[in-house]
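# Structure at a glance
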2 protein chains.
Amino acid sequence: MASVKSISVLGSTGSIGRQALDVVDSFPDRFRVVALACRSSAEEIILQARRFRPQLVAVEEEKAAKTVRETLGRDGMQVVVGSEGIAECAVLPGADIVVAAAAGVAGLAPVWEAVRAGKTVALANKEPLVVAGHLIVMEAARSGSHILPVDSEHSAIFQSLLGQRRESVARVLLTASGGAFRDLDQVALARVTPQQALAHPTWKMGPKVTVDSATLMNKGLELIEARWLFDLRPDMLDVVLHRESIVHSLVEFVDGSVIAHLARPDMRLPIQFALSYPERLPRGDPPPDLAELGGLHFERFDTQRWPCVGLARKAIETGGTAPAALNAGDEVAVEWFLQGKVTFSAIPRIIEHAVTTHEVGAGESVEELLAVDRRVRDVLEEGPARWTS
Amino acid sequence: MASVKSISVLGSTGSIGRQALDVVDSFPDRFRVVALACRSSAEEIILQARRFRPQLVAVEEEKAAKTVRETLGRDGMQVVVGSEGIAECAVLPGADIVVAAAAGVAGLAPVWEAVRAGKTVALANKEPLVVAGHLIVMEAARSGSHILPVDSEHSAIFQSLLGQRRESVARVLLTASGGAFRDLDQVALARVTPQQALAHPTWKMGPKVTVDSATLMNKGLELIEARWLFDLRPDMLDVVLHRESIVHSLVEFVDGSVIAHLARPDMRLPIQFALSYPERLPRGDPPPDLAELGGLHFERFDTQRWPCVGLARKAIETGGTAPAALNAGDEVAVEWFLQGKVTFSAIPRIIEHAVTTHEVGAGESVEELLAVDRRVRDVLEEGPARWTS
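Residues numbered from 1 in each chain as written. Chains lettered and ligands numbered in written order. Predicted model: local features only at pLDDT ≥ 70, side-chain atom pairs only at ≥ 80, totals over all residues. Heavy atoms only, no water.

For the rest of this paragraph, the subject is the side chain of Arg283 of chain A. Of note, Arg283 of chain A is situated in the loop between helix H12 (268-276) and helix H13 (290-293). Of the polar contacts made by the side chain of Arg283 of chain A, one reaches the side chain of Asp285 of chain A; its length is 3.3 Å. Residues in contact with Arg283 of chain A, not counting those within four places in the same chain, are Asp266, Arg268, Leu269 and Gln272 of chain A together with Val254 and Asp255 of chain B. (Helix = DSSP H or I, 4+ residues; strand = E, 2+ residues; numbered from the N terminus. Polar contact = N/O pair within 3.5 Å; in protein donor to acceptor, adjacent residues only side chain to side chain. Contact = heavy atoms within 4.5 Å.)

Below is the structure:
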């Protein structure tokens with residue numbers, strides 16, 4: 001009989017967290033939820049906790065935590081609070097897999113704790129590897145922690161590399177749908193609204209990720225993640241446009257072979273794979289029907305048009321604290337854009353400013369990297385005014 | 001330092017054999033030819049032997065063998081003759097890999113000997129698995145022989161299955177370019193000439209294989225091979241049309257994932273992979289440029305239009321000696337077509353006649369299977385006249 005895996009979900013009320021719980025729900029004989037954590041969505045985490053009966057519930061925000069504790073306390077569940085509470089879910093001895101699906105750099109500290117504790121981490125949260133990839137891979141090697149990517153692109157690369165030798169890999173191509181604005185010209189691009197940016201053609205995601213997907217910064221962040229997940233030199237990474245979002249990435253080998261992973265664009269698939277690995281569990285929905293689709297299309301990626309990818313590539317090459325500054329700049333810029341304070345085309349300029357004005361350090365500890373993150377935000381706190389021209 | 005693999009090439013003067021020698025030639029530090037065998041191409045095998053200096057040269061046909069012996073004897077090389085000579089090359093103790101690239105059912109006996117001797121067989125010759133797949137896989141399991149496919153489709157499947165669990169496989173899709181006549185209607189199809197049939201749009205191959213590729217019987221034979229190579233039930237095998245011949249096959253998994261192998265259509269690539277496996281060796285020509293290609297296209301396979309695939313599928317389901325009869329029927333039909341004795345559309349009718357009129361046996365020995373092969377040919381020897389109407 002197959003064993004039941006115990007899952008701790010960090011960021012359970014976000015888009016990925018909810019889909020992870022969907023997957024757990026589909027395989028009650030294979031997965032069990034032992035911990036749930038969120039930032040502040042009291043109402044939803046209460047519903048989730050009542051459904052999945054975890055042993056531990058963590059809520060970061062104090063007021064929300066109080067509400068949750070009052071309600072779930074009566075059901076006999078343990079509710080913990082603050083970042084210490086989240087960290088408790090990340091290192092819970094009873095958890096086989098920690099799903100890291102928090103949003104933003106806030107997810108770094110609990111992922112770091114989970115890796116230090118030698119956990120298997122199903123990693124959806126981009127920022128931990130973007131900001132602190134060099135530290136995380138070193139620490140994982142020491143602790144024996146396994147990091148399984150949940151992103152569709154990285155899951156595709158992971159699956160395409162199974163059974164292959166590391167030294168046979170020549171290049172990894174991440175596919176990009178091109179985001180919401182792939183067909184707009186530069187003038188129209190400068191004028192797009194947050195509302196337009198939030199309507200992604202294929203994937204349903206949170207607002208920050210959706211805007212990153214429209215600026216193509218998501219692809220830049222994914223290049224940084226891929227660099228650490230698969231130990232690839234920056235020049236071994238590239239991007240190709242692929243509108244259909246069916247081919248989720250490709251690996252090129254030294255002999256001219258290419259292995260590609262295809263699937264319908266549904267985040268539950270890479271989530272499920274990370275949870276079930278090395279097994280695969282049957283899903284109701286079939287694989288993509290290629291004859292029905294007719295064609296899969298590819299276009300060269302235009303680095304001039306999408307400067308964010310070039311900025312990310314430069315940050316990988318610089319290394320140290322550069323990716324942390326890039327990431328902080330992007331978080332601030334996207335927030336301002338969503339608040340209507342800056343235009344879409346100001347986003348890469350703000351990010352570039354953040355990276356070039358910060359003093360690059362070695363980034364030798366998580367604390368140093370988080371300090372860089374705060375410093376970049378502080379510098380940008382002079383406000384969005386200068387970017388509105 | 002990497003070790004040098006010793007290669008014995010059966011069918012060295014054919015299309016695959018020559019390309020195998022090209023590959024060996026590209027990596028003199030990795031491969032060494034220890035034996036060459038052909039049917040009757042004295043002149044070419046003499047040139048090959050002078051270039052590669054094998055310890056053993058086999059020529060099946062006596063007259064050609066005599067010429068070769070007279071010439072190479074002076075160079076101090078050992079030349080053996082007849083099917084015993086070929087078998088000697090198949091079991092040569094010094095050979096690490098036997099490349100089985102003979103044409104037709106004639107290749108079965110030496111492949112059987114190589115498998116019995118526990119050799120690693122790089123298998124290009126379709127007929128051994130088509131005719132005697134059930135015996136060969138059992139014998140390989142006993143002797144410890146490894147069979148590495150050389151066909152681009154099976155190499156693609158083999159590469160897509162690396163690192164995957166057998167029980168995760170849902171379905172295997174072989175891609176078919178559609179052959180030379182993919183766009184002809186039934187009337188035009190009935191009238192095509194041998195010359196037209198020999199002009200394949202993407203692959204350069206021998207005449208029999210090229211006609212099989214035009215009738216789609218090659219895909220039928222490949223289904224049978226895949227059934228044995230990868231231990232798949234017939235209902236787990238299917239065909240999809242893909243004109244570009246870039247995606248060489250796809251494996252669908254139970255979770256809705258698909259792994260595909262892509263490469264430029266160049267036989268040297270799967271040949272090289274079979275020789276270098278589990279390593280990959282660098283080739284000068286790069287992987288396909290998807291952005292330059294623009295698109296990869298897929299169409300549903302029309303089983304009505306291409307009856308040969310259905311005949312092959314039925315033969316797998318019947319099992320025993322049925323695939324041997326199918327194969328013999330195809331060899332005779334293609335020969336008659338190339339001689340201008342029957343029309344293109346008579347080919348599947350001749351094959352069907354061969355299969356349905358033969359008495360299905362269990363096929364418990366290679367001898368029994370070869371007897372079926374001869375019996376079908378004898379029955380058809382009544383001549384092509386009845387198929388010309």
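Overall, the coordinates contain five cavities of 30 Å³ or more when judged by the stated rule. As a volume, the largest cavity reaches approximately 60 Å³. Taken together, 14 residues form the lining of the largest cavity, with Val247, Leu262 and Leu296 of chain A together with Val247 and Leu262 of chain B sitting closest to its centre. Going through the elements one at a time, strand E10 (247-253) and strand E11 (258-262) of chain A together with strand E10 (247-253) and strand E11 (258-262) of chain B are the ones with two or more residues in the lining of the largest cavity. For the lining of the largest cavity, the class distribution of residues is 14 nonpolar, no polar and no charged. (1 Å grid on protein atoms, 1.4 Å probe; cavity = no way out; pocket = protein on both sides within 12 Å on 5 of 7 lines; lining within 4 Å. Points joined across faces, edges and corners; volume = space filled by probe spheres on them. Nonpolar A, V, L, I, M, F, W, Y, C, P; charged D, E, K, R; others polar.)

In this model, Tyr277 of chain A is joined to Pro278 of chain A through a cis peptide bond whose omega is 5°. Mapped onto the elements, Pro278 of chain A comes out in the loop between H12 and H13. Even without a glycine there, the phi angle at Leu216 of chain A is positive, about 70°. A positive phi is found at Ser245 of chain B, a non-glycine position, where the angle reads about 50°. Of note, Ser245 of chain B is situated in the loop between strand E9 (237-241) and E10. Exposure remark for Ser245 of chain B: the relative accessible area of 5% places this residue in the buried category. (Buried < 20%, exposed > 50% of the residue type's maximum accessible area, 1.4 Å probe, protein only.)

When chain B is fitted onto chain A, the two copies agree to an RMSD of 0.0 Å after a turn of 180° and an axial shift of 0.0 Å. Interpreted geometrically, this transformation is the action of a two-fold axis. Rotation axis and chain B: the residue whose C-alpha lies nearest the axis is Gly163 of chain B, separated from it by 1.9 Å. (Least-squares fit on C-alpha atoms with pLDDT ≥ 70 in both.)

Moving on, we come to helix H17 (residues 366-380) of chain B. Residue and element names in this part refer to chain B. When the terminal C-alpha atoms of H17 are compared, their 21 Å separation across 15 residues agrees well with the 21 Å that a helix rising 1.5 Å per residue should span. Within the span of H17, buried status applies to Val366, Leu369, Val372, Asp373, Val376, Arg377 and Leu380. Buried residues of H17 fall within an arc of 130° about the axis and therefore sit on the same side. Relative to its buried face, H17 has exposed residues pointing more than 90 degrees away, namely Glu367 and Asp378. (Expected span 1.5 Å × (residues − 1). Arc of directions from axis to C-beta.)

All quantities given are derived from atomic positions and should not be read as evidence of function.
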